[in-house]
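# Residue-level structural notes
In case you want the letters, here they are:
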Amino acid sequence: MAVSDSVGGRSRNLILAAMIFAVSMTFIDQTIVSIAVPKIQSELGLSSTGVQWAVNAYLLSLAALFAFGGRLADTLGHRKMVTLGVIVFAAASALCGLTPKGSFAEAWIVIFRVVQGAGGAIMFPAALAIVVQTFELRQRGRALALFFGIAGGLTAIGPLLGGYLTEWTWRGIFWVNIPVALIALVLIFISKPVTEYKAAPMDYRGLVLIAAGVALSVFGFQQSNIWGWHNPLIWLSIAMGLVLLVVFYFVERRTRSPLMRVSIFENRAFTTQCLVLGATNLVFIPVFFFGSEYAQISLGKSASQAGVILLYFFIGFVIASQIGGRMLDRAGAKRPVVLGCALGAVGFYLWAGKVTGLSFSAQQWYIILSGAGMGFMLGPSSTDAVNRASRLSYGEATGITQTVRNYAASMGLAILGTISVAQTRNHLFNSLVARGVPAANAHASAAQFSASGSGSGSLGSIPQFFRVDFAQSTQTVFYVMAAIMAVAAIVGLIGLRGGVQEEAPAAVDRESTDAPTN
């Protein structure tokens, strides 16, 4: 049955609102928790490793289980899975906020952060598949521009919201998800989205392989800044993860009812969009981390003020995402994707050129331009990739693209974090030597301060030369981000074809099109 015949335009908008409320929690939680880390650690008495995993456990679980969530949505029903995901996510959020003090605190918060990630991984592919099935092909660009525009904007709002909630209580950063979840559940109940799905057995062998492969690789990336790249366990973890992913690919090609129909990578446009999304998400999540660090250390802003600065990125992102979505509907994906990546490259390059001046007013327009570039391409690229799948595989395609995005974000944080630490250490060493500090002492101090940010709990006590040194390292990171966006533009320019896409033929569905609806 055609979804567009069963619901009116008003109902479609209600469905879209329900899905936006549902996924908004997953985006906020990608950035909101990092702001509250100092208070969480001090109040609960967590170790440095424990508080790191209070942040990383969510991202690790999310990345490892996206493919599983997409397959569940396509085989058990999208509305069921988005409802289940919202409930699991909200319950885990409540329990994170109720973390008790004492010896059990560390295990408690890490475990329920993992459960949060699992809820998000179940929820997101189902939600996006509902939106894609609800809107006709020529309307999806505009609908998903709103979907990704608001969701992406909430990623930027995370640090700001986290700063204000933390001033009340750090537990509020988790409890804020509960009213959002309730609104989502009410809207889902009222709108009753109808989608097609195909019952099929679960490929548990594939699930174990991809979950373990992604988890091991992401774990290696996340631990690189803690253990250091010289630690052989880092390379062993990443290598084992990659080997398992290669094994997963070949196993899935021979599996009758696979977790992931890997033959979709034979579609040139889908593979190109995955490469573009992978490249740009080396930048998208990391920019909030490095931008916030720069604002607090180099510009001397509070956590809340740093969040306000990142809203300039959000302004550009939201406006451009709406233009990009309409462009997708009218002319296809190539133009907004290539234009967005190119604008992002220019924006990050110009932003990098101004950060060492330590003047926010000189940077703000380039921050907006960087956000606009990302907004132009992110929605159209994600939408075009999912459109390449058949109607009964939208959840699976979303699971693939989200796995790629989260994998890349973890890699970007690891690689760019390493560059930042190395550059800060070098600049700080030179500054200390220039001030008469013996080379051995300068080397030790530079290594200590570059690994710990300011090396002090008080932002006001950061010396001016360290602010400049950190700004210089941030400049290098932003130049690298500009180069990555430029590479993504070239990939899109070469790999994508112009023109408006047609609906994927029903013949590419897994088995038959005699599918139930929910």
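Refer to the structure printed above.
Anyway, here's the lowdown on the structure attached to this text.

Conventions used here
- Residues numbered from 1 in each chain as written.
- Predicted model: local features only at pLDDT ≥ 70, side-chain atom pairs only at ≥ 80, totals over all residues.
- Heavy atoms only, no water.
- Helix = DSSP H or I, 4+ residues; strand = E, 2+ residues; numbered from the N terminus.
- Expected span 1.5 Å × (residues − 1).
- Contact = heavy atoms within 4.5 Å.
- Polar contact = N/O pair within 3.5 Å; in protein donor to acceptor, adjacent residues only side chain to side chain.
- Axes fitted to C-alpha atoms, helices over the stretch in contact; angles between N-to-C directions.
- Parallel < 35°, antiparallel > 145°, perpendicular 65-115°, else oblique.
- Left-handed = near helix turned anticlockwise from the far one by under 90°.
- Nonpolar A, V, L, I, M, F, W, Y, C, P; charged D, E, K, R; others polar.
- Core = buried A, V, L, I, M, F, W, Y, C linked by side-chain atoms within 4.5 Å.
- Buried < 20%, exposed > 50% of the residue type's maximum accessible area, 1.4 Å probe, protein only.
- Phe/Tyr/Trp six-rings, centres within 6.5 Å; stacked < 30°, edge-to-face > 60°.
- Lys NZ or Arg CZ within 6 Å of the ring centre and 35° of its normal.
- Patch = residues over 30% accessible without salt bridge, like charges linked within 9 Å, V, L, I, M, F, W, Y side chains within 5 Å.
- Areas by Shrake-Rupley, 256 points an atom, 1.4 Å probe, with all protein chains shown as cover.
- Salt bridge = Lys/Arg side-chain N within 4 Å of Asp/Glu carboxyl O.

Take helix H10 (residues 232-253) next. For H10, which comprises 22 residues, the first-to-last C-alpha distance of 32 Å matches the rise-based estimate of 32 Å (1.5 Å per residue) to within 8%. Packed against the buried residues of H10 are helix H9 (204-227). If you check the start of H10, you find a side-chain oxygen 2.9 Å away from the backbone N of Leu-233, and it comes from Asn-231.

What follows deals with the packing of helix H11 (residues 268-297) against helix H15 (residues 394-434). The geometry of H11 relative to H15 is characterised by a closest axis approach of 7 Å and an angle of 45° between their N-to-C directions. Regarding the angle of H11 to H15, the classification is oblique. In terms of crossing hand, the pair formed by H11 and H15 is right-handed. Considered class by class, the residues forming the contact of H11 with H15 number 17 nonpolar, 6 polar and 1 charged.

In this structure, Met-19, Val-82, Phe-124, Leu-128, Val-131 and Phe-147 are the most contacted members of the largest nonpolar core, which totals 74 residues. When residues in this core are grouped by element, the largest group, 13 residues, is from helix H3 (residues 48-76). When sequence neighbours within four positions are dropped, the list of residues in contact with Val-131 reads Leu-16, Met-19, Ala-143, Leu-144 and Phe-147. Formed by 55 residues, the second largest nonpolar core is a distinct cluster that contains Ala-269, Val-337, Val-355 and Ile-367.

The next thing to look at is the packing of aromatic side chains. All told, the structure shown has 25 aromatic pairs when counted by the stated rule. Both rings, one in Tyr-349 and one in Tyr-479, keep their centres 5.3 Å apart while their planes meet at 55°; by these two values the pair is tilted. Of this pair, Tyr-349 sits in helix H13 (residues 334-354) while Tyr-479 sits in helix H17 (residues 464-495); the two residues are 130 residues apart in sequence, bridging distant segments of the chain. Aromatic rings pair up to connect Phe-27, Phe-66, Phe-124, Phe-147 and Phe-148 into one cluster. We note Lys-192 situated over the ring of Phe-189; from NZ or CZ to the ring centre the distance is 4.1 Å.

Moving on: a nonpolar patch on the surface. Together, Ile-226, Trp-227, Leu-233, Leu-236 and Met-240 give the surface a local cluster of nonpolar side chains, amounting to about 430 Å² of exposed area. Per-element tally for the nonpolar patch: the top contributor is H10, with 3 residues. Residue Met-240 is classed as partly exposed on the basis of its relative accessible area, which comes to 40%.

Applying the stated rule across the entire model yields 3 salt bridges. Across the pair Arg-171 and Glu-43 runs a salt bridge, and its minimum N-O distance is 3.5 Å. Remark: Glu-43 occurs in helix H2 (residues 9-44) and Arg-171 occurs in the loop between helix H6 (137-168) and helix H7 (172-175); sequence separation between them is 128 residues. For Arg-171, a relative accessible area of 13% translates into the label buried. Look at Glu-43 and you get partly exposed, because its relative accessible area is 33%. In this structure, Arg-388 engages Asp-384 in a salt bridge whose closest nitrogen and oxygen atoms are separated by 2.9 Å. Here Arg-388 falls in the partly exposed class, since its relative accessible area comes to 24%. A relative accessible area of 3% means that Asp-384 is categorised as buried.

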